[in-house]
2 protein chains.
Amino acid sequence: MLENADSGPMEKKKLNPDRVFHALGDPTRRAILERLSEGPMSVSRLAEPLEMTLAAVVQHLQVLEECGLVQTEKLGRVRTCRIESAGFSFAAQWIADRRTLWERRLDRLGELLAEPEEDSPSGYEWLG
Amino acid sequence: MLENADSGPMEKKKLNPDRVFHALGDPTRRAILERLSEGPMSVSRLAEPLEMTLAAVVQHLQVLEECGLVQTEKLGRVRTCRIESAGFSFAAQWIADRRTLWERRLDRLGELLAEPEEDSPSGYEWLG
DNA sequence: TAATTTGTCAAGTGACAACTAAAGTATACA
DNA sequence: TGTATACTTTAGTTGTCACTTGACAAATTA
């Protein structure tokens, strides 16, 4: 249900990496996000260039909304959709975290190699 | 650089967002990445804490490797897996691109609102 | 009021993704 | 040599996902 924005007692936007990355893994959904990053748009206008039924587009929008990538609001009979930054921030943060973890490890290895006094029983043979 | 102990014809790592985000959308694969960001590891060692068969883990690793998130190398009978940064960079870049696009648009709107001389037939009513 | 536009909901279909089991291959070890 | 280890490969099962159809509802327009 795309309920709420009107009566919204419960938003169920679960910012978990499963949902966000799964949402981003679909080309149609990414196309929607690219369109929306140029400005808010109604559902039917979003659907125009997409070669599928309106119902399918609505389903994609539900996925995008439930993981915090899109925010919608219904006024009259028109539902307006726009980018929501929360999902993007969340995904970017997850990636950044792993990257810094890995790169910090590479840095530590670099230091070890620079002062080769201690013998490390294992851990950097793989560097070749 | 050690490369491809696998004899095979060049691996096909297609750095496309479909593959990368789909790969990141699975909890098991993210668990593998988290393990690997602490250091390289063999397939069977990676499989130990995961409650599934070794074959399943290998399939996940194939997915991760084909999209540039993991790099592997076989020596003897042991395949060693490690993080590859390419996939991470690619995903991070895609997200960053959309974010800046959207935020730049918000900035332009801010400027428009600051000097309210021109009449824009539509475009910022949604700001509420 | 009647017709049109814009979206919503439910059920069904086909494809694909994740997983398993089981048999096979190559390397290391006793 | 024989056995264990560390994958690899194939085929099959099961569930989920993207999409459609078709009926419906509410807001707008004629």
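Let me begin by describing the structure that accompanies this report.

Rules of the game
Residues numbered from 1 in each chain as written. Chains lettered and ligands numbered in written order. Predicted model: local features only at pLDDT ≥ 70, side-chain atom pairs only at ≥ 80, totals over all residues. Heavy atoms only, no water. Near = heavy atom within 4 Å. Polar contact = N/O pair within 3.5 Å; in protein donor to acceptor, adjacent residues only side chain to side chain. Helix = DSSP H or I, 4+ residues; strand = E, 2+ residues; numbered from the N terminus. Nonpolar A, V, L, I, M, F, W, Y, C, P; charged D, E, K, R; others polar. Least-squares fit on C-alpha atoms with pLDDT ≥ 70 in both. Contact = heavy atoms within 4.5 Å. Pairing = 2+ DSSP bridges. Phe/Tyr/Trp six-rings, centres within 6.5 Å; stacked < 30°, edge-to-face > 60°. Buried < 20%, exposed > 50% of the residue type's maximum accessible area, 1.4 Å probe, protein only. Lys NZ or Arg CZ within 6 Å of the ring centre and 35° of its normal.

## A closer look at the protein's contact with DNA strand D
Residues in contact with DNA strand D amount to 21 residues; listed here are only the nearest, Arg29, Gln59 and His60 of chain A together with Ser44 and Arg79 of chain B. When the atoms of DNA strand D within 4 Å of the protein are grouped by moiety, sugar and phosphate amount to 67% of the total. At 2.7 Å, a side-chain N or O of Arg29 of chain A approaches a phosphate oxygen of DNA strand D. At 3.1 Å from a base oxygen of DNA strand D is found a side-chain nitrogen or oxygen belonging to Gln59 of chain A. Of all elements in the fold, only helix 2 (27-36) and helix 4 (54-66) of chain A together with helix 3 (43-47), helix 4 (54-66) and strand 3 (78-83) of chain B reach the threshold of two or more residues within the surface near DNA strand D. For the surface near DNA strand D, the element with the highest residue contribution is helix 4 of chain A, accounting for 4 residues. Its residues assigned to classes, the surface near DNA strand D shows 7 nonpolar, 8 polar and 6 charged.

## Description of the relation of the copies chain A and chain B
Once turned by 180° and shifted 0.0 Å along the axis, chain A lies on chain B with an RMSD of 0.0 Å. Both copies of the chain, as the preceding transformation shows, are related through a two-fold rotation axis. Interface residue correspondence from chain A to chain B reaches 100%, placing this contact among same-surface, isologous pairings.

## Comments concerning the pairing of strand 3 (residues 78-83) of chain A
All names here are of chain A. Sheet analysis places strand 1 (residues 41-42) next to strand 3, joined by 2 bridges and oriented antiparallel. From the neighbouring strand, Ser42 faces strand 3, where its bridge partner is Thr80. As paired elements, strand 2 (residues 70-75) and strand 3 share 6 bridges and run antiparallel to each other. Note on strand 3: the bridge partner recorded for Lys74 is Arg79. The loop that links strand 2 with its antiparallel partner strand 3 comprises 2 residues; one of these, Gly76, has a positive phi angle of about 65°.

## Regarding the packing of aromatic side chains
Think of a pair of aromatic rings as described by two things: how far the centres are apart, and how the planes are tilted against each other in angle. Evaluated as defined, the whole model comprises 3 aromatic pairs over all chains. Between Phe21 of chain A and Trp94 of chain A, the ring centres sit 5.7 Å apart and the planes meet at 75°, which makes this aromatic pair edge-to-face. Placement of Phe21 of chain A in helix 1 (residues 17-24) and of Trp94 of chain A in helix 5 (residues 85-114) is noted, with a sequence separation of 73 residues between them. Here Phe21 of chain A matches Trp94 of chain A in class, with each residue buried. A connected cluster of aromatic rings, assembled from ring pairs, spans Phe21 and Trp94 of chain A together with Phe21 and Trp94 of chain B. Lying across the ring of Trp94 of chain A, Arg98 of chain A places its NZ or CZ 4.8 Å from the centre.

So yeah, pure geometry; function would need other evidence.
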